[in-house]
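# A closer look at the structure
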Amino acid sequence: MKVLFINPPYFNSKYKFIGLVAPPLGIAYMAAVLEENDIDVEIIDAAAMEMSWETLESEIRRISPQIIAVTALTPTIYHGLQTAELAKKTCPKAMVIMGGYHPSFNHQEILEKDYVDLVVIGEGEYTMLELVKTLEEGGDLKNVKGIAYGEGVVTPPRPLIQDLDELPFPARHLLPMDHYKILNMKLDTATLISGRGCPMQCSFCASAALHGNRLRMRSSSSVVDEMEHLIKDHNAAMIAFMDDTFTLKPSRVEEICDEIIKRGIFIGDAQPELTLYLRKCFVN
């Protein structure tokens, strides 16, 4: 079964004005879990590629997947819905799925659209895996945790992933890595996430609502392993941490900095002394 993840086109992103184009790590994590289980998967990052609707339609038709999963935030929901509609028109027999922050909290509204078959609620790695396997085996969707479909069918929530180290690194080889940038700098840029969840309850942020109000952190060795992977396999000259609460636990930041120093990792032109300086800034 062929699975296609799509990050929708987004032509008026405010972040482009500050030169920020970041990879969609959420769908890259899901793609990695599916690949790990021998499932055929591709990703179209239409936003990074600045795809027109015509080009996106052509790419969907070329791939001809059985499952099309579209991610969306609240700012991108209208483009996400347009993408889902285009996907259903292009591949009428495919199951069209939506996930991400906005669909997770507004699944009833999303399922009113006749071109959306199912919504993945919350963290999607193992939900997508179980969903694909259930469809392949002709099983009952009601047994898949963390989804909504049909007229009011909502399955029990999927427990949060407690050990984030068990997840494979995001499937960046499926992404157009040369299209990502920060502050318009001509550097090979990569991002990573070292933890999920947040104990705060900020009114402007949905992190705790989606990922839980307890911070789940990857081990420092896993984080630095991924940094080495980004440098070796993707020539990363800049690595940005995309955590919502990276410095909440200073001792853990200190551990990561110590591990970078211990391994003598160079990121671009940065020397280990820079990491030592950052370590002092974070913990003092």
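Residues numbered from 1 in each chain as written. Predicted model: local features only at pLDDT ≥ 70, side-chain atom pairs only at ≥ 80, totals over all residues. Heavy atoms only, no water.

Below, the discussion takes up the overall build of the protein chain. The number of helices and strands found in the protein chain is 10 helices and 11 strands. Its C-alpha atoms give the protein chain a radius of gyration of 19 Å, near enough to 19 Å, the size a compact globule of 284 residues would have. For the C-alpha atoms alone, the extent of the protein chain along its principal axes is close to 55 × 40 × 40 Å. Looking at the 284 residues of the protein chain, the share that counts as buried comes to 51%. Here the analysis covers contacts within the protein chain between residues at least 6 apart in sequence; of these, 69% occur between residues at least 24 apart. Side chains of the protein chain give 27 positive and 39 negative charges; the mean places of these two sets differ by 2 Å. (Helix = DSSP H or I, 4+ residues; strand = E, 2+ residues; numbered from the N terminus. Rg over C-alpha atoms; globule rule 2.2 N^0.38 Å. Buried < 20%, exposed > 50% of the residue type's maximum accessible area, 1.4 Å probe, protein only. Contact = heavy atoms within 4.5 Å. Lys, Arg positive; Asp, Glu negative; His and termini not counted. Charge placed at Lys NZ, Arg CZ, Asp CG, Glu CD.)

The relative placement of two aromatic rings is captured by the distance of their centres and the angle of their planes. Within this structure, the stated rule accounts for 1 aromatic pair. Seen from the ring of Y29, R196 lies directly overhead, with NZ or CZ sitting 5.2 Å from the centre. (Phe/Tyr/Trp six-rings, centres within 6.5 Å; stacked < 30°, edge-to-face > 60°. Lys NZ or Arg CZ within 6 Å of the ring centre and 35° of its normal.)

The geometry of helix α8 (residues 220-234) relative to helix α9 (residues 250-263) is characterised by a closest axis approach of 9 Å and an angle of 50 degrees between their N-to-C directions. By the angle between their directions, the pair α8 and α9 is classed as oblique. Considering the relative orientation of α8 and α9, their crossing is right-handed. Residue-level contacts link S220, S221, V223, V224, D225, M227 and E228 of α8 to R252, E255, I256, E259, I260 and R263 of α9. Its residues assigned to classes, the contact of α8 with α9 shows 5 nonpolar, 2 polar and 6 charged. (Axes fitted to C-alpha atoms, helices over the stretch in contact; angles between N-to-C directions. Parallel < 35°, antiparallel > 145°, perpendicular 65-115°, else oblique. Left-handed = near helix turned anticlockwise from the far one by under 90°. Nonpolar A, V, L, I, M, F, W, Y, C, P; charged D, E, K, R; others polar.)

A few words now on helix α3 (residues 77-90). Given 3.6 residues per helical turn, the α-helix brings residues three or four places apart onto the same face. Here α3 contains 14 residues, and its C-alpha end-to-end distance of 20 Å stays within 8% of the 20 Å for a straight helix at 1.5 Å per residue. When you tally the buried positions in α3, you get 10 out of 14 residues, the bulk of the element. Within α3 the residues assigned to the buried category are I77, H79, G80, L81, T83, A84, L86, A87, K88 and T90. Here the buried face of α3 lies against β1 (2-7), α2 (53-63), β3 (67-71), β4 (95-99), α4 (101-105) and α5 (107-110). (Expected span 1.5 Å × (residues − 1).)

A separate point is the pairing of β3. Counting buried positions along β3 yields 5 of 5 residues, so the element is predominantly enclosed. Where burial is concerned, the two faces of β3 agree: the one with I67, A69 and T71 and the one with I68 and V70 are both buried. Pairing of β1 with β3, which is carried by 4 bridges, proceeds in the parallel orientation. When the bridges of β3 are listed, V3 appears paired with I67. In the sheet, β3 pairs with β4 via 5 bridges, with the strands oriented parallel. Bridge pairing in β4 links A69 to I97. (Pairing = 2+ DSSP bridges.)

Let us look at the packing of helix α1 (residues 25-36) against helix α6 (residues 125-137). Helix-helix packing is described using two parameters, namely the angle between the two axes and the distance between the axes. Where α1 contacts α6, the axes come no closer than 8 Å and their chain directions differ by 45 degrees. The angle between α1 and α6 places the two elements in the oblique class. Between α1 and α6 lies a crossing whose hand is right-handed. Two secondary-structure elements touch here, α1 through Y29, M30, V33 and L34 and α6 through E125, Y126, M128, L129 and V132.

The next thing to look at is the environment of L81. Examined against the element boundaries, L81 turns out to sit in helix α3. Considered as a pair, L81 and T127 are 46 residues apart in the sequence and their alpha carbons are 21 Å apart. Leave out the neighbours within four places in its chain, and L81 touches M98, I110, K113 and Y115.

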